[in-house]
Amino acid sequence: MKLKDKKEVSLTNDIIFKEALTSSENRDILIDFLNTVTGISKSVIEKDLIILNERLPKNNYYEKNMYGDVLVRFDKYVVNLEMYTYFNKVLLNKSFCYSVKIFSGELKEGDNYIDISKVIQVNLVNNIKGKFKSQYVLSDIEDPEDKIMVEEFIIKIYLLSR
């Protein structure tokens, strides 16, 4: 599906979202989009951009299957883009589980913890009200200004209904 050939395409449907952003014909659009939602320069993104398998790896048979919408790797980053037509506590938990699964899955035997890839979870949410953009990192409950892993583990939520 080449986006430039369409007059109007709604990307709020999971299947269209995945197809549109992972199609080789739309690589430049994916790069622009990643640049916009992450703030990382296009040159860094396009240098070694890889679209990963949407199924997150399982460690054992009984572990829940998890499928991301658009999962990409470039430089020292793994970015998971998720499209939601609605968003609630269950889907927030799902998003967090995906983020943690991706983050913990980055380490292989013998790897140094300092070399782990930076994970950015981007949730694009349609049809709810609130702030247009929220960004979450880990912080101390008693002192929210005391943050850790501010570059290594980020969850972003963009509201599309504004």
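Check the entry above for the structure.
Residues numbered from 1 in each chain as written. Predicted model: local features only at pLDDT ≥ 70, side-chain atom pairs only at ≥ 80, totals over all residues. Heavy atoms only, no water.

Right, let's get into helix α4 (residues 89-104). An α-helical turn contains 3.6 residues, so any two residues separated by three or four positions project in the same direction. Relative to the 22 Å expected for 16 residues at 1.5 Å per residue, α4 spans 22 Å between its end C-alpha atoms, a close match to the ideal helical length. Of the residues making up α4, those classed as buried are Leu91, Ser95, Tyr98, Ser99, Lys101, Ile102 and Phe103. Buried residues along α4 sit against β2 (70-74), β3 (77-84), β4 (118-125) and β8 (153-159). With a side-chain oxygen positioned 3.1 Å from the backbone nitrogen of Val90, the residue opening α4 is Asn88. (Helix = DSSP H or I, 4+ residues; strand = E, 2+ residues; numbered from the N terminus. Expected span 1.5 Å × (residues − 1). Buried < 20%, exposed > 50% of the residue type's maximum accessible area, 1.4 Å probe, protein only. Contact = heavy atoms within 4.5 Å. Polar contact = N/O pair within 3.5 Å; in protein donor to acceptor, adjacent residues only side chain to side chain.)

On to helix α2 (residues 27-38), then. Spanning 12 residues, α2 covers 16 Å between terminal C-alpha atoms, matching the ideal 16 Å at 1.5 Å per step. Along α2, the positions that sit buried rather than exposed are Leu30, Ile31, Leu34, Val37 and Thr38. Mapping the buried residues of α2 onto a view down its axis gives an arc of 140 degrees, with all of them on the same face. (Arc of directions from axis to C-beta.)

Here 6 strands make up an open sheet; going across it, the order is β1-β2-β3-β4-β8-β5 and the pairing mixed. Strands with a single pairing partner mark the edges of an open sheet, and in this sheet they are β1 (50-51) and β5 (133-136). Bridge count between β4 and β8: 7 bridges; the pairing is parallel. If you follow Gln121 over to β8, its bridge partner there is Ile155. (Pairing = 2+ DSSP bridges.)

Looking at the element boundaries, Asn80 is found in strand β3. Using a relative accessible area of 1% as the deciding quantity, one classes Asn80 as buried. Sequence separation between Asn80 and Ser95 is 15 residues, and the spatial gap between their C-alpha atoms is 9.5 Å.

Keep in mind that these numbers describe shape and distance, not what the molecule does.
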